[in-house]
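What follows is the residue order along each chain.
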Amino acid sequence: MLGGALAAAALPLLGTACGRTGQEKSGKGLTVTDLTGKNLELPGPARRVVTIPLPAASMVVAVNGGPDVLAGMNAASLTAIKGSFLGEAHPELLKVPTDVAGAEFAPNVESVLARRPDVVIQWGDRGPGIVDPLRKAGLKVAQLTYGTQADLEGAIAMYGRLLGKQDRADRIADGMRRRLKKLRTEIPGRAGPPPSVLYLRGAADGLQVGGGDSYNHFVTELVGGRNPAAEIKAEQATIDVEQLLRWDPDIILLGNFGPATPQDMYDDPALASLRAVRGRRIYKVPLGGYRWDPPSQESPLMWQWLAGLVHGTGGAGLRAEVVREYAFLYGAEPTDSQLDTILKLSANSGSRDYDDFGR
């Protein structure tokens, strides 16, 4: 279903594929190589971690097996946790300080220092201006790169090494690879062209799409869909209504970076001619421990959810899979009511065949 180059890029752990993440003992200390190839020395496994990138907070919780190491996080990470399953399972997360970064991930160095972290997680592919101030203050910084399946697996491996939880990290990454293989084996073939699936971030102030360089594009192709925004060689871009109408996607996914709902689009007279509107095939993406739209520890659940939508197989087995995954990742099993919330049953109640995800 995928091109050979994409399939090959998605499978291996970043550490084994590119040699960019590693860990070795240095005397009694620990040397960890981050995703940019930089080494950092720690006296031992990190016990206090500040996370500035958005997905990092919940990923650290998942790899660690609990929230006790999280000393600070981006305010936008808290936005995803509030009212979510993770916030209900670990309400102490709602009290974690969030003043560690400002706009565009610029660190608030004074606030970060006040958290006394063993390590700070920061983006490593957005310029030195958000990393150097932390290092100049004497802080240890582990940098992330972002956007591919290899980056995701590499981040999980790095967290496992930083936290001394390699066994948990390996289990998460191995599970991803097994599910990738299973999807590619079991996704049914179809006659004719694949359905077009367009991802919108869900913000109320514009139409932001996932372009050809986005993880959303990878997931869409993985499950046998076609991304009409693939022509945009960027992670994301803002389009106008006219472009949306020209693409006329079969399915629209609304992300969790804003309040937009399927009903908002169904009710918009300017969108009435869209195939996805006429077919009632607009869906709000689930949110559990984190938003399912960007790459995270819950990405295999996103793959399974979207495959069900694209191929009309519904949510067969998904609810049970969420329960199993969350029991391991977060140490708690969601109730039926919580599963309904995670899978956005209310927001998607007016969309085609979504009742299948409630069973």
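For the structure, see preceding data.
Because the structure is predicted, anything quoted here is derived from the model rather than measured. (Residues numbered from 1 in each chain as written. Predicted model: local features only at pLDDT ≥ 70, side-chain atom pairs only at ≥ 80, totals over all residues. Heavy atoms only, no water.)

Caption draft 1: Molecular detail of the packing of aromatic side chains. Summed over the entire model, instances satisfying the criterion amount to eight aromatic pairs. Aromatic pair phenylalanine 105 and tryptophan 123: ring centres 5.9 Å apart, planes at 85°, arrangement edge-to-face. Here the residue phenylalanine 105 occupies a position in the loop between helix 5 (85-89) and helix 6 (109-114), and tryptophan 123 occupies one in strand 6 (residues 119-123), the gap between them amounting to 18 residues. Grouping residues by exposure puts phenylalanine 105 and tryptophan 123 together as buried. Cluster of aromatic residues (ring-pair linked, three or more members): Phe85, Tyr326 and Tyr330. When the ring centre of phenylalanine 328 is taken as origin, the NZ or CZ atom of arginine 168, which lies over that ring, is 4.1 Å away. (Phe/Tyr/Trp six-rings, centres within 6.5 Å; stacked < 30°, edge-to-face > 60°. Helix = DSSP H or I, 4+ residues; strand = E, 2+ residues; numbered from the N terminus. Buried < 20%, exposed > 50% of the residue type's maximum accessible area, 1.4 Å probe, protein only. Lys NZ or Arg CZ within 6 Å of the ring centre and 35° of its normal.)

Caption draft 2: Here's a closer look at empty space enclosed by the protein. Taken as a whole and assessed by the stated rule, the structure comprises two cavities of 30 Å³ or more. Quantified by volume, the largest cavity comes out at close to 100 Å³. Around the largest cavity, the lining is made up of 13 residues, and of these Met59, Thr145, Tyr146, Leu152 and Ala155 lie nearest the centre. At the level of secondary structure, the elements contributing two or more residues to the lining of the largest cavity comprise helix 3 (56-64) and helix 8 (149-163). In terms of residue count, the dominant contributor to the lining of the largest cavity is helix 8 (four residues). Among the residues forming the lining of the largest cavity, the class breakdown is ten nonpolar, two polar and one charged. Estimated volume of the second largest cavity: approximately 40 Å³. Lining the second largest cavity, in full, are Tyr199, Asn216, Val219, Thr220, Leu253, Met302 and Leu306. (1 Å grid on protein atoms, 1.4 Å probe; cavity = no way out; pocket = protein on both sides within 12 Å on 5 of 7 lines; lining within 4 Å. Points joined across faces, edges and corners; volume = space filled by probe spheres on them. Nonpolar A, V, L, I, M, F, W, Y, C, P; charged D, E, K, R; others polar.)

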